[in-house]
Every structure is written in structure tokens, then in C-alpha cells.
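# Results of the structural survey
So you can see what is in the structure, the chains are spelled out below.
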Amino acid sequence: MVRMRSAVQSRSRAPFSLEWIGFLMGCLYDEGMSGFHYKMTPRVGDASSSFDVSDLNKEQAEAVMHTRGPLLVLAGAGSGKTKTLVYRMARLIHDGVDPKRILLLTFTRKASQEMMRRACGVLDARCQQVVGGTFHSFCNMVLHQYATQIEYQNGFTIMDRSDAENLMALIRKQGDYQKKDKRFPKKNTLLDMVSKSVNTNRSIEQVLMDDFPHFYDLTDDVLEIAKKYHIQKEALNLMDYDDLLVKMVHLLNHHPNIRQQLSKKYQYIMVDEFQDTNHIQLAMLKGLASEHQNLMVVGDDAQSIYSFRGADIQNILTFETMFDNVTTIRLSTNYRSTQPILDVSSDVINHDVNLYEKALVAARSGGEKPKLVEAFDDMEQADFVVDRLLSLREEGVSLTSMAVLFRSSSHSSQVELALTRANIPYKKYGGFKFTETAHIKDAMAYMKVMVNPDDELSWHRVLQLLDGVGPKLSQQIINYQREQQFNFSGMDYAPFKKKAAHDELLGIAALMATTNGMAPTDVLQRVLDAYQPVLKKTYDDFHKREQDLNALVALSARFRSLAAMLDEFTLEPPESSQVGADAVSDDDEHVVLSTIHSAKGLEWSRVFVLSVVDGYIPSFRSLQDPAQIEEERRLLYVAMTRAKDDLYLIKPNLDDPSAYYPMGGMSFSQLTRFISPDQVDRYFDTWSLGVGEAVGNDDPFGDDAGKKYSL
DNA sequence: TACATTAATATTTTT
DNA sequence: TATTAATGTA
């Protein structure tokens, strides 16, 4: 424990406290006197602070007290990285920095809100005013202010993945690409190619050569499609996820005055999960920090798990060489897990020689050995988990402090069934999103065209919901309406065969004409009234979907504007299980089920990792590429280091021949390659679920009552 | 040209 | 398997 207290203690209580000066500075800035105030900014921190850091260890305190210049914090798992960010935020504000001039970039909005909330606890409510969010949402906010400088119109909207795919499908269909007997990539693949090229800073040709060699001879076609795709997006006033970052960098690089303005505005930049940023995000940070270099990045190279999205681990590995005078601080005391858990985790990760060296030391003592559980199959694995959850709850461990983690969203289906049978409430994170279901997208399409009438993709969707309207007719209507500037009140052209659909469209147009300035909830309510008949006609299970839509109404209540609501639903969609009939509220006791990716940054007392089997972790998809295999290793590391008190790795035999695998009858029955037999002996208690003690015998539908286990 | 049917074909992770 | 592209039919 360290106490950093300076000689000059009562400074901040003086009439002209640093807070006050900071406030004045903020005002000056708002008046546009940026050049003037910048020099006047008080020398925050340094020796004059009386901020209490007695809660922190030496390294954490050092990071918290750091003020100027680039700072790299290498924070091992569970080393108090969030706490460090929270305290530094609070400390800067305590020492007079205007919270509105601190930029906190995190991986999810939830993470930044949580940090700001905690900072409020450490200091006071001012911390709530810090500008925080994801890279994408921050870019979205800024770009809306400067839309015209990047050749977009005001009021652009964001495409989610499926919107982007639809656009790709349109383009694909327009051209005559499906030539000869040659196979042509599908929309999904085409989008992957384009996005990969953008995110990894490679040409389309290079991407095809590296990642899609079988399509390499189609390079010209793909190039053409990519070009059309970019042009179309702009014409429709739509941005995809990548654009948000790309256009931001474009703005910073091509408009020095704006770059300067923004950099001066955000005087202190803090970035969480830096190991998962890509080259565009890095360029953006360079631009934003250009005026002051006050850039603090926090991350753990051992937890870099997003390379599939272009994340470049080199960002963190070479940060020290990319900026001048970088201060590096390593946080290596682990406050989360017990030593036995850390021992295995470290041993697993240290086989990756490319990383910064890891030496995690537990602050806690004692602890049990992790368990390696050998299950017969998928179902026994599920039964074991449920059984164990129940007995732990008996022992007084709350359900909410336990989690089940897995590589891929689909791997949890058996566990979900078993949990439902046993009546255990759970919440699932990762995988399919609520906003990706057809009926929600339908409802959102109506609102999207209201916010952005140029969004022809959404027009297509809306129009094709009408009876008798297919791709051709909807295109005709759109072509006509485009000339009318999509003026809702002027919608009278509709060469319908069916009069009912024609009237329906006019009804919708009339509705849209009246919703200007209305509260999002009210708009949505009207949209749903109009959508109701379509819903009943299209879906057999419309009742269930209706409940989802009602949930959407509930969610819409907290938004000020339609645009804000749509932006958030595409940038941070609510998790599917948080909505709907069997929704579990946050406060209720529940087990968490999560993909390992979505579990990043979180922790639980007991953690179960499902299917720690070669082919699952590492995924058989990654087996060709050594770099990808190393990423899978890190994935396992992330999973294991989520556990505070006890860790269960489960290894079922997954050789079900009825399961469908692309390579044909694959069988997975080997323990993951990341844990050797030797390591099993050294670090684990091995449990074999054998005859007699087979769990799940109470399952009335189970057929495993007489099953023989030979383990 | 809309809508239904059949054939083909790729499967993870997420802003 | 489930999703999507191609083809057939009304």
C-alpha cells in the first residue's frame, strides 16, 4: 500500500481551486478560444496532488498519478486494470481537469458506464460527464457533427451486418458475375473480403491471395464489387461499422483544423483493452492525441482475441516504439484468482513466446486445484454442470457468482436445456442478438427510413412486406420515390395489382409524415400498429414475436430521439436473453452463460469452461494457421483467468456422428493441445464421471440410466 | 414478376 | 443444419 501525498495539501480547497480553473477553461474552450486556454491549463498532478491512493499498490498508483505523455499499462488478468482507469479518471478530475475533456474508450458501452459509475464513488458525480463509450459510438457522435466534411449528408445512419450483406446481394445481382461454371463468392464472403481488406490494411488482391486463394482469379470482379459497395453506401447515406472508424481517420488526416480542435478538446485519452484495437483505431488515437500526446492505453497482450476483426496485437507489442517518451507500467499482482488457477493459466500462456513475459503473482493465498472433468458426452457434460451448480448453491455460492463459458455460442445448447429442465434461471451473452431477428428488423426498417429516407435498403424491406411486392416492384417504387426526394406525403405512385397493398402503403406514408419530432416510443407504437397485420400474416409464431416487439417498446422509452435509438441498437444491441417472455432481470439470481469473447473483462467465483477439447478450443477452423492457434490459446487463457475461486474444465467426447461438421465425420475426443498430460497431473484434480456416480440420473427423459462409462 | 421449390454449400468469435 | 442461390411455376 502506498500513500502519495504532497507537501502542498489544501490547494484544491482554495477559492481558485484547480477544479474551478478547469471549469473556466472548459467555458473558454466552448467560446472557441482554444489557442488561448491551452497554454493556461494548470499543471495537473505532478507534485501538487492530494489525491488519496492508499487503496492502490505501487504500480497502480504510479499509473494513476501519471499525467502527461503516452502511458502504456500492461495489465495482466485480474491485476486491477479497471480500478486503475477508474482512479486515474477520478484523479484527473480531482486535480482540475474538466470531465468533458477526458475521453474514455472501452470495448462496450457498459464497461465505460460502469467505470464512470465507480469513479463517481471514488470522487463525485462529475465523473459521470466524462466522454465515454466504444470507438464506434464515439466516432458516430463526432462524425454526425462533421458529416459534410466527409462527403456524407447529415443524418446518415448505420448499417448492421445484415444490412451490409443485403447491399452486397443487390450489387451482386446487378452485375453479371455468375459466369461460366465458375463458383462465385456469396454476399457474406464478399463482405468479409472487403471488410478484411479495410481492417487489416491490405489490398483486396492481397486479401484474396492470403485468405481466399480459391477466388484469387476473380480479383477484378471483387474489386469492382468493392468499389460499387463503397459508392452505394455513400449514395444511400449509410455507413457500415468499418466506415465509422475509417471516416474518422479521414476526417483527422484531411482536416488539420478539425484534428487540432478535437485533440485540444479531448485533452486526456484513456483506452481500455488496447490489445484488441486495429490499425485504424491506432491511427485515430494518433490523430486525437496529436496536440498533447496524453494517451493512456491499458491492455494485456495475452488477452488479444479479436484478430478476426482486424485487431493487431502489434499495437500493444510495439506501442513503445510508436510514440516518444512512453512510460510503461506493468501491473502483475493478481487480485482475482487463487494461485493454483494462476499457475495453470500462466503455464498455458507462457508457451506463446511472442508475448511480453508473464509473471502473475496472486495476492491471495491458498485455493483449491482446478478440476479437469472427463465427461462421456455433451449431455453428461451438461448434467454435470447443472448438478454442480445446484450443489454449490446448496453450499451458499450464489448463482450469479457462477458462469459457464464456451468457445462458440452453439456449444451451450445442451447446458441450456438442462438448466431449463432444472428450473435454473440463466442469462446468455454472445451469439445471436435480439435485434437480428426478422420481426425486429422489420420494425426498425420503418423507423430507419424516417430518420434516413435515402436508406433504400430499408425501403426495400418495408415495401417487400406488402402483399404482391417483390424485388422488382419495390425497386420501381423506390426509383420513382427517389425523384420525389422520398417525400412521404407525396406517395401516390404504386402500380399495384392489389389495391389493399396500395392503400397499406399510403397508410404507412401518411403515418411517416406525421411522426416528426414525436417521442421514439410513440413512433414505435404507431409503427407496430401498422406492422401488426403483416406480422400475423407472415409468421406462424407471431404471438412470441409480438412479445419481443413489446419488449422493444419498453426499451425505446429511454431514448430522446429515433436516431439515437437506432444508432444504439446497431452499435450496442441488447442481448437476446434480456428480452422476451422468460427474461431474467439483472437483479434476479441467475447463472451467466457466455462466449469467451463476451466474458472478456468479467469475473466470477466459479467458472465452468465447456468442451475443452481439441477441435473446439482450438477451433478446428483455426488449425491451418499457427497465428490463429496462438489466438485460441489466448482464448483459453482468458476463459481460465475469469475464475476467482474455482475452475472447472470439462472434456466430453464429442464424436456424435449425427452432428454436422463441414469436414465430414469428425470426432473430437482429445483434450485441448494447450494442456499436456504432464500439466494435467501437475495442476489438476481429475474427475471422471463414472458408473454409479453418473450425474443426471434424475432426468426423466434421459436414456443414460444404464449407460456404461469406461473412464 | 412474385412466390414456391429444389439444389448447393459453408459453418466461430463481434463493433 | 440452416442459409442462400438457382430454377420452376402460376
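Heads up: the structure comes first, above all this text.
We now turn to the structure provided with this report.

The next point concerns the sheet that holds strand E17 (residues 685–688). What the seven strands build is an open sheet, ordered E13-E14-E12-E15-E16-E11-E17; its pairing is parallel. If you trace the sheet from one side to the other, it starts and ends with strand E13 (426–429) and E17, each paired once. Here the strands of the sheet are splayed against their neighbours by 20 degrees on average, with no regard to which way each runs. Bridge count between strand E11 (residues 371–374) and E17: four bridges; the pairing is parallel. By the bridge assignment for E17, Leu372 is matched with Thr686.

Looking now at helix H24 (residues 542–556). Within an α-helix, residues lying three or four positions from one another point in the same direction, as the helix has 3.6 residues per turn. Along its 15 residues, H24 runs 21 Å from first to last C-alpha, staying within 8% of the 21 Å computed at 1.5 Å per residue. Of the residues making up H24, those classed as buried are Arg545, Glu546, Asp548, Leu549, Ala551, Leu552, Val553 and Ser556. Packed against the buried residues of H24 are helix H19 (438–451), helix H23 (520–538) and helix H25 (562–571).

What follows concerns the packing of helix H17 (residues 378–394) against helix H18 (residues 413–421). Packing of H17 against H18 leaves a shortest axis separation of 8 Å and a crossing angle of 45 degrees. Between H17 and H18, the crossing angle belongs to the class labelled oblique. In the packing of H17 onto H18, the handedness of the crossing is right-handed. Facing Asp378, Met379, Ala382, Asp383, Val385, Val386 and Leu389 of H17, the residues of H18 in contact are Gln414, Val415, Ala418, Leu419 and Arg421. Of the residues belonging to the contact of H17 with H18, the class tally is eight nonpolar, one polar and three charged.

The next subject is the sheet that holds strand E1 (residues 71–75). The strands making up a sheet are joined through hydrogen bonds of the backbone, oriented either antiparallel or parallel. Spatial strand order, E3-E2-E6-E7-E1-E8: six strands in an open sheet with parallel pairing. Because the sheet does not close on itself, it has two edges, and the strands there are strand E3 (131–134) and strand E8 (327–331). Between one strand axis and the next, the sheet turns through 15 degrees on average, direction left out of account. In this fold helix H6 (residues 135–145) packs onto strand E2 (102–106), E3 and strand E6 (268–271), with an angle of close to 120 degrees to the strand it touches most, E3.

Parameters and conventions
Residues numbered from 1 in each chain as written. Chains lettered and ligands numbered in written order. Predicted model: local features only at pLDDT ≥ 70, side-chain atom pairs only at ≥ 80, totals over all residues. Heavy atoms only, no water. Pairing = 2+ DSSP bridges. Helix = DSSP H or I, 4+ residues; strand = E, 2+ residues; numbered from the N terminus. Axes fitted to C-alpha atoms, helices over the stretch in contact; angles between N-to-C directions. Expected span 1.5 Å × (residues − 1). Buried < 20%, exposed > 50% of the residue type's maximum accessible area, 1.4 Å probe, protein only. Contact = heavy atoms within 4.5 Å. Parallel < 35°, antiparallel > 145°, perpendicular 65-115°, else oblique. Left-handed = near helix turned anticlockwise from the far one by under 90°. Nonpolar A, V, L, I, M, F, W, Y, C, P; charged D, E, K, R; others polar.

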